Amino acid sequence: MSDSAENLEFIESPCIGICRLDATGVCVGCFRTRDEIAGWLAYPADRRREIIEELPGRAESRFDP
(Lines give C-alpha, C1' and ligand atoms only; values in the text may rest on other atoms or scores of the structure.)
Protein backbone atom coordinates (compact mmCIF):
# COMPACT_ATOMS: atom_id res chain seq x y z
CA MET A 1 0.00 0.00 0.00
CA SER A 2 1.42 3.41 -0.94
CA ASP A 3 1.05 6.70 0.93
CA SER A 4 -1.08 9.30 -0.75
CA ALA A 5 0.00 12.93 -0.68
CA GLU A 6 -2.69 13.74 1.88
CA ASN A 7 -1.11 11.33 4.38
CA LEU A 8 2.38 12.83 4.16
CA GLU A 9 3.65 15.23 6.81
CA PHE A 10 4.01 18.84 5.67
CA ILE A 11 7.63 19.94 5.85
CA GLU A 12 8.12 23.70 5.83
CA SER A 13 11.00 24.85 3.65
CA PRO A 14 12.61 28.26 3.22
CA CYS A 15 13.37 27.49 -0.43
CA ILE A 16 12.30 30.29 -2.77
CA GLY A 17 13.35 28.56 -5.98
CA ILE A 18 16.63 30.44 -6.46
CA CYS A 19 18.86 27.44 -5.96
CA ARG A 20 22.45 28.51 -6.44
CA LEU A 21 25.33 28.07 -4.03
CA ASP A 22 27.88 30.83 -3.56
CA ALA A 23 31.62 30.21 -3.16
CA THR A 24 31.13 29.40 0.54
CA GLY A 25 28.49 26.72 -0.11
CA VAL A 26 25.52 28.83 1.01
CA CYS A 27 22.42 29.15 -1.16
CA VAL A 28 21.92 32.71 -2.41
CA GLY A 29 18.14 32.20 -2.33
CA CYS A 30 17.40 30.69 1.08
CA PHE A 31 20.78 31.07 2.87
CA ARG A 32 20.95 27.42 3.93
CA THR A 33 24.26 25.61 3.69
CA ARG A 34 24.86 22.78 1.26
CA ASP A 35 24.66 20.29 4.15
CA GLU A 36 21.42 21.81 5.48
CA ILE A 37 19.79 21.56 2.06
CA ALA A 38 20.93 17.96 1.61
CA GLY A 39 19.72 16.89 5.05
CA TRP A 40 16.52 18.95 5.17
CA LEU A 41 14.02 16.12 4.72
CA ALA A 42 15.77 13.97 7.31
CA TYR A 43 15.93 16.67 9.99
CA PRO A 44 13.36 16.61 12.77
CA ALA A 45 10.94 19.55 12.80
CA ASP A 46 12.70 21.26 15.71
CA ARG A 47 16.03 21.30 13.84
CA ARG A 48 14.36 22.71 10.72
CA ARG A 49 12.80 25.45 12.85
CA GLU A 50 16.20 26.29 14.38
CA ILE A 51 17.70 26.70 10.93
CA ILE A 52 14.78 28.81 9.71
CA GLU A 53 15.22 31.11 12.72
CA GLU A 54 18.92 31.59 11.82
CA LEU A 55 18.27 32.52 8.18
CA PRO A 56 17.36 36.23 8.60
CA GLY A 57 20.67 36.83 10.39
CA ARG A 58 22.56 35.02 7.66
CA ALA A 59 20.83 37.08 4.98
CA GLU A 60 21.52 40.31 6.82
CA SER A 61 25.20 39.51 7.23
CA ARG A 62 25.49 38.94 3.47
CA PHE A 63 24.14 42.37 2.63
CA ASP A 64 25.77 44.51 5.33
CA PRO A 65 28.59 46.72 3.97
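Residues numbered from 1 in each chain as written. Predicted model: local features only at pLDDT ≥ 70, side-chain atom pairs only at ≥ 80, totals over all residues. Heavy atoms only, no water.

A. Local environment of the overall build of the protein chain. Scanning the protein chain from terminus to terminus reveals 2 helices and 0 strands. Every one of the 65 residues in the protein chain was classed for burial, and the buried ones make up 25%. The contacts in the protein chain between residues at least 6 apart in sequence include a share of 37% that link residues at least 24 apart. Summed over all atoms, the accessible surface of the protein chain reaches about 5,000 Å², with 55% contributed by carbon and sulfur. (Helix = DSSP H or I, 4+ residues; strand = E, 2+ residues; numbered from the N terminus. Buried < 20%, exposed > 50% of the residue type's maximum accessible area, 1.4 Å probe, protein only. Contact = heavy atoms within 4.5 Å. Areas by Shrake-Rupley, 256 points an atom, 1.4 Å probe, with all protein chains shown as cover.)

B. Molecular detail of the nonpolar core. Grouped together as the largest cluster of nonpolar side chains are 6 residues: V26, F31, W40, I51, L55 and A59. Sequence-distant contacts of W40, defined by excluding residues within four places in its chain, comprise I11, E12, S13, P14, R32, R48, I51 and I52. (Core = buried A, V, L, I, M, F, W, Y, C linked by side-chain atoms within 4.5 Å.)

C. The arrangement of the packing of aromatic side chains in detail. Going through the model one piece at a time under the given rule, you end up with 1 aromatic pair. Ring geometry for W40 and Y43: centres 6.4 Å apart, planes at 70°, overall edge-to-face. Taking relative accessible area as the criterion, W40 reaches 5% and is therefore assigned buried. In this structure, R32 packs its charged tip against the face of W40, placed 4.7 Å from the ring centre. Sitting over the face of the ring of Y43, R47 holds its NZ or CZ atom 5.9 Å from the ring centroid. (Phe/Tyr/Trp six-rings, centres within 6.5 Å; stacked < 30°, edge-to-face > 60°. Lys NZ or Arg CZ within 6 Å of the ring centre and 35° of its normal.)

D. Region of interest: the pattern of salt bridges. All told, the structure shown has 5 salt bridges when counted by the stated rule. A salt bridge links R62 to D22; its shortest N-O distance comes to 2.7 Å. One end of the pair, R62, is in helix α2 (residues 45–63); the other, D22, is in the segment before α1 (34–39), and 40 residues separate them in sequence. Taking the relative accessible area as the measure of exposure, R62 reaches 37% and is therefore partly exposed. (Salt bridge = Lys/Arg side-chain N within 4 Å of Asp/Glu carboxyl O.)

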